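# Structural features, examined
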Amino acid sequence: MCGIVAVFGKENASQIVLDGLKNLEYRGYDSWGVGTPGEGKVEIEKQIGKISEAILPDSFPQKTLAIGHTRWATHGGVTPENAHPHFNEEKQIAVVHNGIIENFVELRSELRGRGHVFFSDTDTEVLCHLMEEYIDDGKTLLEAAQCTANRCEGRFAFVVLHYGENCLVAVRRGSPLILGIGENGDAYLASDTPAFINHTQKIHYIDDGEIVYLEDSKITVHSLETLEPIEKREVTLDITPEDATKGSHAHFMIKEIYEQKDTIARATNQDSQEIEKIAEEISKARGTFLIGCGTAHKVAAAGEYFFSMIAKKHVNTAVASEFPIFHDFLRPESLIIAISQSGETADVIEAIEAARSVGSTVLSIVNSAGSTVARMSDFSLHIKAGPEKAVASTKAATSQLTVLLLLAYACAGKLDDGRKLMVDAASLVNDLVNPRFVEFVAGIAKEIADQNNIFIIGKGANFPMALESAIKIQEVSYIHAEGFAGGELKHGPIAMIEPGTPCLVLVSSNELQKKEILSNAMEIKARGGRIIGVSSENSEIFDDWIRVPEAGAANPILNLIPVQVLSYYLALERGFNPDMPRNLAKSVTVK
Ligand code: F6R
């Protein structure tokens, strides 16, 4: 959610920043901007529109340092004025920022009271004017950034550029910031690593309460509180520049759907000792909460079914943003299992902070191994799905489900059975992501793309998968989609069924659940609904049959894949770019 990039010590820094921003487009695509030192002021180019289409004017200076931003609007509409970088009156100082400054209204009126003129509606702009005041007071850029951060409330990261100084300063307090270390004294700052993966794979994860200073060949990290230098550990990234591209695919979403051929197998390949150790923690915990947002929450809800059915263990599930309601139930002997692809979701981080404050144990299941969530956890399992750049989560979801299923089997003392189940399931994914199958599902998408409503039903762990299916369809095709437990329809929503209304039926492998969901499907069919069965076996109830291989307890995971494909083609049929759903951005770092 908003991407920031800064480059230091490299010729053509502005162009490198722009290229880096293009790799962070999934974090926001409302507007973009780049800033670099110019003659007597910072030179800034900013525009509304997608960063993928951005070009810097030929006349734009190419110096050895620059900052840039791709925006997902929070404060202020999508206008050129509200695009970053923001600047002070004389344009000596420019700032790019990710996150929210909660007390910006008070700060702005205070600054206006002292004569400052504001050019935008954003919270960010207060940073520029505060910086200006501290620099005018004789503070260095580093000290001014420290003082500025100390005046601000909320979670944020920002980078500051001063036109007259050959240095950059960046602060992290709550929003992601990663420092890339180049070979020749060059350095990179960004919200996420794809921004600079073409230049370096050596990084330092900047922690909350740290400030980075880049000057000539000096790259230092300091405590935000004391400005004392901090020794950082260098990490080498295990992603390649190719991982961050679409390859031969038209969109990241379909590329990532296809990647599930490998990613489910990779998620299965967890260290047995670690899984057993974590299973022990789950078994001994008194009160376990599975939490996540959006898709990750639906994964958590499926996890509740896995633990219940496989390990006979009760766990609670909560949407992370609602978790404050349950804080009173946290104890030192509680366990929270936080699920997050990005590992940077603000509501998830807040839930972890609450758990840590009472001494509960925290386990996270993340895709970004060095993320905030991973680093705040006592135990962290890496799903190893590789960068997920489409806004709609696909491969991360099936990998998270895989890890939860393994944990449930481990809690039941049957890890080997779980592993075998998932190895077999992974080998079946090819049946679901091959051109013939994809073309078949695309054909169904073509037929139903003009519908106003799509319903999805499931039973057992397929119920949360129905909820997740609805999110997928909604977010990329903008068709109203809703998921239900099969038995719930007749308690109200069945009134919405009209002749031809598509209803996806996610059929379980469990015989009883299968019988019941088919009977629910029959109730819909009797009202004229179009029944699209997602099932290993055909049924006379189905108007369309999407054949999914039989995968036993892994069936809810495989059932999700055709719905992902369907959602993708619904978006294309309706003329939308599935990688850039309106109003959305990946990695929701604001509350
Ligand atoms: C939907 C989607 C979102 C995310 C949610 C949590 O396709 O991607 O609902 O699942 O924003 O994000 P993470 O997993 O990064 O915490």
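Just so it is clear, the structure is predicted and the values come from calculations on it, not from any experiment.

Let us look at the overall build of the chain. Of regular secondary structure, the chain possesses 16 helices and 24 strands. Here the chain has a C-alpha radius of gyration of 25 Å; the compact-globule value for 591 residues is 25 Å, and the two agree. Its C-alpha atoms put the chain at 80 × 50 × 45 Å along the principal axes. A total of 591 residues make up the chain; the buried ones form 62% of that total.

Here we take up the site of the ligand. What surrounds the ligand is a group of 15 residues, the closest being Ser340, Gln341, Ser342, Thr345 and Glu475. Contacts to the ligand include Ser340, whose side-chain N or O atom sits 2.6 Å from an oxygen atom. The contact in question runs from an oxygen atom of the ligand to an N or O atom on the side chain of Glu475, over 2.4 Å. When residues of the shell around the ligand are assigned to their parent elements, the largest contribution, 3 residues, is made by helix α14 (residues 462-477). Considered class by class, the residues forming the shell around the ligand number 6 nonpolar, 7 polar and 2 charged. No fewer than three residues from each of domain 2 (246-431) and domain 3 (434-591) sit in the shell around the ligand.

The N-to-C vectors of helix α3 (residues 125-136) and helix α4 (residues 141-151) enclose an angle of 130°; their axes lie 9 Å apart at closest approach. As the angle between them shows, α3 and α4 are arranged oblique. The crossing of α3 and α4 is right-handed. Residues Leu127, Leu130, Met131, Tyr134 and Ile135 of α3 form the contact with α4, whose participating residues are Leu141, Ala144, Ala145, Cys147, Thr148 and Arg151.

Turning our eyes to something else, we now look at helix α6 (residues 260-268). Of the residues making up α6, those classed as buried are Gln260, Thr263, Ile264, Ala267 and Thr268. Down the axis of α6, the sector holding all buried residues measures 140°, keeping them to one side. Next to the buried residues of α6 lie α5 (252-258), α11 (395-411), α12 (415-428) and α16 (555-573).

Before going further, it helps to examine the pairing of strand β23 (residues 530-535). Burial runs high along β23: 6 of the 6 residues are buried. Note: strand β22 (residues 502-506) against β23, 5 bridges, orientation parallel. Its bridge partner being in β23, Val505 is matched across the sheet by Gly533. For the segment spanning β22, helix α15 (residues 511-525) and β23, crossover handedness is right-handed.

Another point: the sheet that holds strand β8 (residues 167-173). Spatially, β5-β6-β7-β8-β12-β13 is the arrangement adopted by the 6 strands of the open sheet, whose pairing is antiparallel. The sheet is open, and its two borders are formed by β5 (86-87) and β13 (218-223), each paired with just one other strand. Pairing of β8 with strand β12 (residues 210-215) involves 6 bridges; the strand directions are antiparallel. Paired with Leu168 across the bridge in β12 is Leu214. Most of the contacts of α3 go to strand β6 (residues 93-99), to which it runs at about 135°, and overall it touches β5, β6 and β7 (156-162). Sheet strands in contact with α4 are β7, β8, β12 and β13, and its direction is about 25° off that of β8.

For the rest of this paragraph, the subject is a nonpolar patch on the surface. A cluster of nonpolar residues, Ile325, Phe326 and Phe329, forms a patch on the protein surface that exposes about 310 Å² of accessible area. Locating Phe329 in the fold gives a position in the loop between β16 (316-319) and β17 (335-340).

Parameters at a glance
Residues numbered from 1 in each chain as written. Predicted model: local features only at pLDDT ≥ 70, side-chain atom pairs only at ≥ 80, totals over all residues. Heavy atoms only, no water. Helix = DSSP H or I, 4+ residues; strand = E, 2+ residues; numbered from the N terminus. Rg over C-alpha atoms; globule rule 2.2 N^0.38 Å. Buried < 20%, exposed > 50% of the residue type's maximum accessible area, 1.4 Å probe, protein only. Near = heavy atom within 4 Å. Polar contact = N/O pair within 3.5 Å; in protein donor to acceptor, adjacent residues only side chain to side chain. Nonpolar A, V, L, I, M, F, W, Y, C, P; charged D, E, K, R; others polar. Domains from an automatic or database assignment. Axes fitted to C-alpha atoms, helices over the stretch in contact; angles between N-to-C directions. Parallel < 35°, antiparallel > 145°, perpendicular 65-115°, else oblique. Left-handed = near helix turned anticlockwise from the far one by under 90°. Contact = heavy atoms within 4.5 Å. Arc of directions from axis to C-beta. Pairing = 2+ DSSP bridges. Right-handed = clockwise from strand over helix to strand, strands pointing away. Patch = residues over 30% accessible without salt bridge, like charges linked within 9 Å, V, L, I, M, F, W, Y side chains within 5 Å. Areas by Shrake-Rupley, 256 points an atom, 1.4 Å probe, with all protein chains shown as cover. Salt bridge = Lys/Arg side-chain N within 4 Å of Asp/Glu carboxyl O.

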